[in-house]
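What follows is the residue order along each chain.
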Amino acid sequence: ETGVTQTPRHLVMGMTNKKSLKCEQHLGHNAMYWYKQSAKKPLELMFVYNFKEQTENNSVPSRFSPECPNSSHLFLHLHTLQPEDSALYLCASSLTGDGNQPQHFGDGTRLSIL
Amino acid sequence: SQELEQSPQSLIVQEGKNLTINCTSSKTLYGLYWYKQKYGEGLIFLMMLQKGGEEKSHEKITAKLDEKKQQSSLHITASQPSHAGIYLCGADSTGTASKLTFGTGTRLQVTL
């Protein structure tokens, strides 16, 4: 049990579908992150939220839309994705986004685009 | 952008043997994080190193940071099957720890 829960664990969707990934943390952290992990590529940071405010968008295509309604929840809304978007999407949280605190990760959502 | 190179890319060791994994950065390191990942799962935090020369240990795993060489090493003593997985280093090049860059990982297998 990591303290960071991601749902669903697996998702298969067509390119025209709209779906959302959910991340929830009960660690009392104030910063949350979305990462993409593709085969044979380094883990890529997508978005950073600190106290519900987006502080980093790492040039992510607009077909990925994050939402952070509060410090405990983070969503990633998906629409009109491409086959190359198939990957493991990992959520992480840390106590703060501006200090030297380790990030704690969820188990990820494995996304497959048909 | 910062790049992290991990070596070796993969490693097979016999149970009981020692091993070392290296992580070298192309830029100044403000902090270095080691994580372990099992296939298809999330990352488990192992250790965080912040100061040059810092060394930390947890059970049979020791990590060191050589700030001048912009390098960190992870050493496992007397490896066990439970050590198998992918080891990832993550580096902070901004001093805020919010924007981490990760290496491609080292896949470790431990044989009986």
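Computed from a predicted structure; not experimentally measured.

## A few points about the overall build of chain A
A tally of regular secondary structure across chain A gives zero helices and 11 strands. Listing every helix and strand of chain A by position from the N terminus yields β-β-β-β-β-β-β-β-β-β-β. A globule of 114 residues ought to have a C-alpha radius of gyration of about 13 Å, and chain A, at 13 Å, matches this closely. Along the longest, intermediate and shortest principal axes, the C-alpha atoms of chain A span 40 × 30 × 25 Å. Looking at the 114 residues of chain A, the share that counts as buried comes to 49%. Surface exposure of chain A reaches about 5,400 Å², of which carbon and sulfur atoms provide 49%. Separation of charge centres in chain A, based on 10 positive and 10 negative side chains, amounts to 9 Å.

## Quick notes on the confidence of the model for chain B
Overall, the predicted model of chain B reaches an average pLDDT of 90, with 95% of residues at or above 70. Confidence, read as mean pLDDT per element, is least for strand β10 (residues 100-102) of chain B in chain B (89) and greatest for strand β2 (residues 10-14) of chain B (97).

## Thoughts on the sheet that holds strand β3 (residues 18-25) of chain A
All names here are of chain A. Pairing within the open sheet is antiparallel, and its four strands lie in the order β1-β3-β8-β7. The outermost strands of the open sheet, each flanked by one partner alone, are β1 (4-7) and β7 (64-70). With strand direction ignored, the average angle separating the axes of adjacent strands in the sheet is 20°. Pairing analysis gives seven bridges linking β3 to strand β8 (residues 73-79), with the strands arranged antiparallel. Bridge pairing links Leu21 to Leu76 in β8.

## Notes on the interface of chain B and chain A
Listed per partner, the contact involves 21 residues of chain B and 24 residues of chain A. Surface buried jointly by chain B and chain A totals about 1,700 Å² across both partners, of which 52% is contributed by carbon and sulfur atoms. Counting every contact that joins chain B to chain A gives zero salt bridges. Of the residues assigned to the side of chain B that touches chain A, the class counts are nine nonpolar, nine polar and three charged.

## Quick word on the state of the cysteines
All names here are of chain A. All chains considered together, the criterion is met by two disulfides over all chains. Note on cysteine connectivity: Cys23 is disulfide-linked to Cys91, with sulfurs 1.9 Å apart. On the sign convention where negative is left-handed, the bridge of Cys23 and Cys91, at about -75° about the S-S bond, is left-handed. Taken together, the residues span a long stretch of sequence, with Cys23 in strand β3 and Cys91 in strand β9 (residues 87-94) at a distance of 68 residues. Given a relative accessible area of 0%, Cys23 falls into the buried group. The exposure class assigned to Cys91 is buried, which follows from its relative accessible area of 0%.

## Comments concerning unusual backbone geometry
Residues and elements named next belong to chain A. Following Thr7, the chain continues to Pro8 via a peptide bond in cis, the omega torsion being -10°. Within the secondary structure, Pro8 sits in the loop between β1 and β2 (10-13). Here Lys40, not a glycine, exhibits a phi torsion of approximately 60°, which is positive. Along the chain, the position of Lys40 falls in the loop between β4 (31-37) and β5 (44-50). Taking relative accessible area as the criterion, Lys40 reaches 86% and is therefore assigned exposed. A positive phi angle, close to 55°, is found at Ser59, a residue other than glycine.

## Here's the deal with the packing of aromatic side chains
Taken as a whole and assessed by the stated rule, the structure comprises eight aromatic pairs over all chains. Note on Tyr35(B) and Phe45(B): the rings are 5.7 Å apart at their centroids and 65° apart in plane angle, and the pair reads as edge-to-face. Within this pair, whereas Tyr35(B) is found in strand β4 (residues 31-37), its partner Phe45(B) is found in strand β5 (residues 43-49), the two being separated by 10 residues in sequence. Among the residues examined, Tyr35(B) registers a relative accessible area of 0% and is labelled buried. Of the residues examined, Phe45(B) reaches a relative accessible area of 27% and is grouped as partly exposed. Here the aromatic residues Tyr33(A), Tyr35(A), Phe105(A), Tyr35(B), Phe45(B) and Phe102(B) are joined through ring pairs into a cluster of three or more.

So, how was this worked out
Residues numbered from 1 in each chain as written. Chains lettered and ligands numbered in written order. Predicted model: local features only at pLDDT ≥ 70, side-chain atom pairs only at ≥ 80, totals over all residues. Heavy atoms only, no water. Helix = DSSP H or I, 4+ residues; strand = E, 2+ residues; numbered from the N terminus. Rg over C-alpha atoms; globule rule 2.2 N^0.38 Å. Buried < 20%, exposed > 50% of the residue type's maximum accessible area, 1.4 Å probe, protein only. Areas by Shrake-Rupley, 256 points an atom, 1.4 Å probe, with all protein chains shown as cover. Lys, Arg positive; Asp, Glu negative; His and termini not counted. Charge placed at Lys NZ, Arg CZ, Asp CG, Glu CD. pLDDT = per-residue confidence, 0-100. Pairing = 2+ DSSP bridges. Axes fitted to C-alpha atoms, helices over the stretch in contact; angles between N-to-C directions. Contact = heavy atoms within 4.5 Å. Buried area = accessible area lost by both parts, 1.4 Å probe. Salt bridge = Lys/Arg side-chain N within 4 Å of Asp/Glu carboxyl O. Nonpolar A, V, L, I, M, F, W, Y, C, P; charged D, E, K, R; others polar. Disulfide = S-S within 2.5 Å. Phe/Tyr/Trp six-rings, centres within 6.5 Å; stacked < 30°, edge-to-face > 60°.

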